Amino acid sequence: MRRVALLLLWVFICSVPWGVDWTLLGTSTITRILGIAATGVGVLAVVFAGRIRKADVICWFAAAFVMASFLSLSWTISYAYTAERVGTYIQFVALIWLIRELAPSRAEQDSLRLAFCIGGLVFVFGLLSNFG
């Protein structure tokens with residue numbers, strides 16, 4: 001289950017550079033759908049493993065930032081925009097947690113960095129094809 005979750009996380013991170021442009025059914029991006037799938041399978045993998053890694057400083061700072069953003073809803077001028085940002089920050093914290101749980105080794109983290117770079121190549125090839 002952990003390998004499937006790591007593979008889904010890899011595909012999700014690969015889709016991050018181009019996920020904003022490609023929508024599915026006109027309402028949601030491919031990246032969002034892959035992120036939901038990766039998070040769901042990642043949570044199942046952690047539940048089946050029966051262990052959760054201890055949170056480190058990065059996780060605590062990210063959680064504190066989300067809480068401060070959430071508190072800013074009480075004095076914001078644009079409630080809808082701020083609520084959307086808070087939702088995005090919660091997704092970022094979920095991604096941080098997922099990477100910490102599924103990719104604890106340096107090799108796995110390097111693989112996820114490679115996935116992001118490969119995802120960026122989609123735009124490079126698109127740029128080169130438009131140039132010629």
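Residues numbered from 1 in each chain as written. Predicted model: local features only at pLDDT ≥ 70, side-chain atom pairs only at ≥ 80, totals over all residues. Heavy atoms only, no water.

1. A word on the overall build of the chain
Step number 1: Summing up its helical and strand segments, the chain has 5 helices and 2 strands in all.
Step number 2: When the helices and strands of the chain are listed from N to C terminus, the series reads α-β-β-α-α-α-α.
Step number 3: The principal-axis extents of the C-alpha atoms in the chain amount to approximately 50 × 45 × 30 Å.
Step number 4: Across the 132 residues of the chain, 27% fall into the buried class.
Step number 5: Taking all contacts inside the chain whose residues are at least 6 apart in sequence as the whole, residues at least 24 apart take part in 69%.
Step number 6: Charged side chains in the chain number 10 positive and 6 negative. The centres of these two groups are separated by 6 Å. (Helix = DSSP H or I, 4+ residues; strand = E, 2+ residues; numbered from the N terminus. Buried < 20%, exposed > 50% of the residue type's maximum accessible area, 1.4 Å probe, protein only. Contact = heavy atoms within 4.5 Å. Lys, Arg positive; Asp, Glu negative; His and termini not counted. Charge placed at Lys NZ, Arg CZ, Asp CG, Glu CD.)

2. As for the packing of helix α2 (residues 30–49) against helix α4 (residues 79–102)
Step number 1: Where α2 contacts α4, the two axes come as close as 10 Å, and the packing angle between them is 45°. Regarding the angle of α2 to α4, the classification is oblique. Like other packed secondary-structure pairs, α2 and α4 cross with a definite hand, here left-handed. Where α2 abuts α4, its residues Arg32, Ala38, Thr39, Gly42, Val43 and Val46 lie against Gln91, Trp97, Leu98, Glu101 and Leu102.
Step number 2: Of the residues belonging to the contact of α2 with α4, the class tally is 6 nonpolar, 3 polar and 2 charged. (Axes fitted to C-alpha atoms, helices over the stretch in contact; angles between N-to-C directions. Parallel < 35°, antiparallel > 145°, perpendicular 65-115°, else oblique. Left-handed = near helix turned anticlockwise from the far one by under 90°. Nonpolar A, V, L, I, M, F, W, Y, C, P; charged D, E, K, R; others polar.)

3. What to know about the pattern of salt bridges
Step number 1: Throughout the structure, instances matching the rule amount to 4 salt bridges.
Step number 2: Arginine 2 serves as the salt-bridge partner of glutamate 108, at 3.1 Å between the closest nitrogen and oxygen. You can see glutamate 108 sitting in helix α5 (residues 106–131) and its partner arginine 2 sitting in helix α1 (residues 2–15), a full 106 residues away along the chain.
Step number 3: Between aspartate 56 and arginine 100 there is a salt bridge, with the nearest N and O atoms lying 3.6 Å from each other. With a gap of 44 residues between them, aspartate 56 in the loop between α2 and α3 (57–71) and arginine 100 in helix α4 connect regions that are remote in the sequence. (Salt bridge = Lys/Arg side-chain N within 4 Å of Asp/Glu carboxyl O.)

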